[in-house]
Protein chains: 2
Amino acid sequence: MTDPLTNLITTYHELNAAVVDELHEEPSALEFMRYVATHRPFVVRRAVSEWKACRKWDAGYLRQTMGDEEVRVAVTPSGNADAVVERKEDDTLLFVEPHEIFEPFAEFLDSVVQQSSSSSSTTAAGHVKYAQTQNDNLRNEYSPLFPDVPANIPFARIALGQKAEAINLWLGDDRSTTAMHKDNYENLYCQIRGEKEFVLLSPGEMACVNERVLGRGRYVPGSAAAAATSSSGDDGDDDDDTRMVGDLEVQLDVHAERVPVATWDPDEPEKHATAYSHLAKPLRVTLREGDMLYLPSMWYHKVSQRVGEEGFVCAVNYWYDMDFAGSHWASTSFVRDVYYAEQMRPQYPRLEVGEERAEGSE
Amino acid sequence: MTDPLTNLITTYHELNAAVVDELHEEPSALEFMRYVATHRPFVVRRAVSEWKACRKWDAGYLRQTMGDEEVRVAVTPSGNADAVVERKEDDTLLFVEPHEIFEPFAEFLDSVVQQSSSSSSTTAAGHVKYAQTQNDNLRNEYSPLFPDVPANIPFARIALGQKAEAINLWLGDDRSTTAMHKDNYENLYCQIRGEKEFVLLSPGEMACVNERVLGRGRYVPGSAAAAATSSSGDDGDDDDDTRMVGDLEVQLDVHAERVPVATWDPDEPEKHATAYSHLAKPLRVTLREGDMLYLPSMWYHKVSQRVGEEGFVCAVNYWYDMDFAGSHWASTSFVRDVYYAEQMRPQYPRLEVGEERAEGSE
Ligand SMILES: O=C(O)CCC(=O)C(=O)O
Ligand SMILES: O=C(O)CCC(=O)C(=O)O
C-alpha cells in the first residue's frame, strides 16, 4: 500500500495539470466560482491595464499624490521580510520579521528608485526596503492612491457575495522576495509596475514544504541588537533613529509564540527537503504590467520581482475572506495533521522527530 | 495530539451545521455553484410541483403512457436491493444485488399499488419490487414519460457547463430502502409521488461508515439457487420463469471482484460501528411531493420511502458528472487511504486488521 501522503500528491497531479490557466478576459462571476470551487489558480492577461493606476503610476505621480505622508517600510539586509533565517551563532532556524521604519513616502520611493538605477546591488547601508504591510494599507496609509483602482473586483464581489476584506499595495525593488507561505484568503493579485514571479504549491502538497515550528526574531539595527534585552520592545516608533540604520542583526524574541513556517524552497530543492519534496510540482507564473492572478486560499506561494521602466515594482491585491464552511479548511488541516502524525511515529526511521514539530501538532 | 481522522470529523462539524439548508425557490446558477464549491446539500421545497410529472403522474396516467413496455424490476425479499446481507450459513457479510425480472410496466405498477393497499406487509410470494435501474432509464426504458420532466435542470446545466449524464426514474413501494452508499455524481433528486427520507453523511465521515471489502452475491429464485453453480450465469433473461418467483436466496458469486461497501447504518448505530461512528452527525431530510434535493457528489446516503395517495413512490433524479479536477476527489481518496492505513497499523489493538480491509487498500 502506498503511503497516503504520497498518494494524495500524485493523485492530485494526475488529475490537475501543473500549469496556471491563462485567460484573456475577466471571468464572469460564475466562471470565477468554478475556479474557487476547485481551488485552482488562473491568470488574466492585461485584465487591469485600463485601471488609472496602470495608466498613471510613475514615480512623479506617486510622489505628487502621496507627498510627505509617512508610510511604514520593512527594512531587511537582503530583501527577506517575514523569512526563515539561519542564525550564525548556533545554526538554528528562526522566523524573522523585518525591521520597520516610518518615513515620508517621497523619501522611501526615492531610495527604491535610486537603488534600482544604481549599479551596485545594495544601498549605502546595504538594506532593502519594501512597503508590504498587508493590513489593508491601500485604504489607509495609501488612501490618496485608492481612487486609482476599483474598490472591488466585480466578478469576485458577486461570486463570493462579499466585499474585499483588505486591499494592499506592495512597492519595492528587485531585491525583495516574499518567502513561501499561505494565507486564508482568496487573493486577486494585480500587477501595476514591473514583474512578479509566483511559485505556487497546492494545499495538498503540504508535506513537501517542510513546515517547522520555529522561534521568532526581528531584524534590529546593530546597536539596538547589542543593547537589546531578549524581549521584543523595539517597535519602530523611534523613526528618526532608524531611518538610517546601521547593520541589521537578528534579535531573538524568546517570549513570542513559536510559529509553523514552510522551510523548503522550490528554487533550492535540495535544501530542507522532506521525503515528499521531490513529488511537488510547483506552478510558476510571471505577472507583467496589467496582469491579474487568482491565487486560491491556502495555496503556498513564493514571490520574487523585477522592476519596470519606472524603477520600482508595484502591485495591488484584494483579499476576500475564504469560506471555512464546507470541506476545504477541514481537509487542509487534515493533511497537516496526518503529516505531523507521521513525523511523530517512531517506526519510520527515515524521518526524525524534531522537538519543534512535536510542539506544532497539538 | 488528537487522532487526525477524529480531528477531521469534529472540525468539519464545528464549521458546518448538521442540517440541510432549506431554500424556497430555485437557486441561480451562481448560488448553486456556491453549494457545489462547499459540497453542501440543500433542499428546495416545491421546486418541481409545476412539472407535468407532478401534475399528471397517477397510476392511470402511467399505465396508459407506458402500457405494456417491458421494464426491468429489482426483486428482493425485503426491499434491500444493492445491500449488505449476512449469510445465514456462515455469518459472512455479502454485497447482494437484487434478482432482476422484466415485466410489462402495467403489471409491475399493479403489483406495487396492490401491495400498498393490502394490509399485509408482503406480497403473495413475499417479494418487494423496485424500479431502480440507475442507467439513464428515463431516457430509455421509460422514454414515453420523459416529456413530462425537463431535459435538464437549468441552474445545474449552466453552473456545471454540461448536460445531465443520466436521468433516472425510481418507482416502488414503502418497503424498498437503498442502503448507505456514495456516487461520483452531483445529484439533483426530485420527488414526484410519496416521500423519501434521506440520511446523509459527508465524505469526511468515511471513517464512520465501516467500509469493508465484501464478496458479492445476487438474489436468485430458490430453485435456481439450489441448482446454481457458483458463477453468475443467471442474468434475468428467462423472464417468464422469474416473473413469479419462489423464495429468493443469496447466491454467492465467487468470481466477482470484491467491492468496498459501507456496513454501518446510522439507524442502527450500535451494529457494525467503528471507533469513529459515534462522531458522525447524519443529516436527515424528508422530501415530499415537488421537493428537490441537491446531494453533492461523494456524500454517503441512505434512502427510505413512503407511498403517497396514488399508492406508489416515484422520483426522478439527474446525475451530472462531478469534477475530478481540483482537490475534491484527491482529498476524498486521501481520507480513505488514511483510514485503511490506520486499520493496518498493528499498534492500535482496539482495531482489528481484517483480511478484507487489507485487500481494499491498495
Ligand atoms: O507580492 C509579494 O511580495 C507577496 C504577495 C503575497 O504574499 C500575497 O499577496 O499574499
Ligand atoms: O431513491 C433511492 O432509493 C436511492 C436514490 C439514490 O441512491 C441516488 O439518487 O443516488
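Rules used in this analysis
- Residues numbered from 1 in each chain as written.
- Chains lettered and ligands numbered in written order.
- Predicted model: local features only at pLDDT ≥ 70, side-chain atom pairs only at ≥ 80, totals over all residues.
- Heavy atoms only, no water.
- Least-squares fit on C-alpha atoms with pLDDT ≥ 70 in both.
- Near = heavy atom within 4 Å.
- Polar contact = N/O pair within 3.5 Å; in protein donor to acceptor, adjacent residues only side chain to side chain.
- Areas by Shrake-Rupley, 256 points an atom, 1.4 Å probe, with all protein chains shown as cover.
- Helix = DSSP H or I, 4+ residues; strand = E, 2+ residues; numbered from the N terminus.
- Nonpolar A, V, L, I, M, F, W, Y, C, P; charged D, E, K, R; others polar.
- Contact = heavy atoms within 4.5 Å.
- Buried area = accessible area lost by both parts, 1.4 Å probe.
- Salt bridge = Lys/Arg side-chain N within 4 Å of Asp/Glu carboxyl O.
- Phe/Tyr/Trp six-rings, centres within 6.5 Å; stacked < 30°, edge-to-face > 60°.
- Buried < 20%, exposed > 50% of the residue type's maximum accessible area, 1.4 Å probe, protein only.

(A) Main features of the relation of the copies chain A and chain B. Once turned by 180° and shifted 0.0 Å along the axis, chain A lies on chain B with an RMSD of 0.0 Å. Such a turn and shift between the copies fits a two-fold axis. Relative to the rotation axis, the closest C-alpha in chain A is found at Ala37(A), a distance of 2.0 Å.

(B) Representation of the site of ligand 1. Residue and element names in this part refer to chain A. As a structural note, the neighbourhood of ligand 1 is formed by Tyr-130, Trp-170, Thr-178, His-181, Asp-183, Asn-187, Tyr-189, Lys-196, His-301, Val-303, Asn-317 and Trp-319. In this structure, Asp-183 approaches ligand 1 through a side-chain N or O atom, which is 3.0 Å from an oxygen atom. When the free accessible area of ligand 1 is taken as 290 Å², the share hidden by the protein chains comes to 99%. Residue assignment for the shell around ligand 1 shows that the elements contributing at least two residues are β9 (177-181), β10 (185-193), β17 (300-306) and β18 (313-321). Within the shell around ligand 1, the residues separate by chemical class into 5 nonpolar, 5 polar and 2 charged.

(C) Up close: the interface of chain A and chain B. Listed as interface residues are 38 residues of chain A and, on the opposing side, 40 residues of chain B. In total, chain A and chain B occlude about 3,200 Å² of area from one another, counting both sides; carbon and sulfur atoms represent 70% of this. Summed over the shared surface of chain A and chain B, the number is 0 salt bridges. For the interface between chain A and chain B, the tally reads 8 residue pairs in polar contact (both at pLDDT 80 or more). Of all elements in the fold, only α1 (4-15), α2 (29-38), α6 (154-160) and α9 (328-344) of chain A reach the threshold of two or more residues within the side of chain A that touches chain B. If one sorts the elements of the side of chain A that touches chain B by residue count, α9(A) sits on top with 9 residues. Tallied by class, residues from the side of chain A that touches chain B come to 22 nonpolar, 11 polar and 5 charged.

(D) Highlighting the packing of aromatic side chains. Residue and element names in this part refer to chain A. The tally for this structure, following the rule as stated, stands at 29 aromatic pairs over all chains. Centre to centre, the rings of Trp-51 and Tyr-318 are 6.1 Å apart; their planes meet at 70°, and the pair counts as edge-to-face. You can see Trp-51 sitting in the loop between β2 (42-44) and α3 (52-56) and its partner Tyr-318 sitting in strand β18, a full 267 residues away along the chain. Across the pair, Tyr-318 and Trp-51 agree in class, each one buried. One aromatic cluster in this structure is built from Phe-32, Tyr-35, Phe-42, Phe-155 and Tyr-294.

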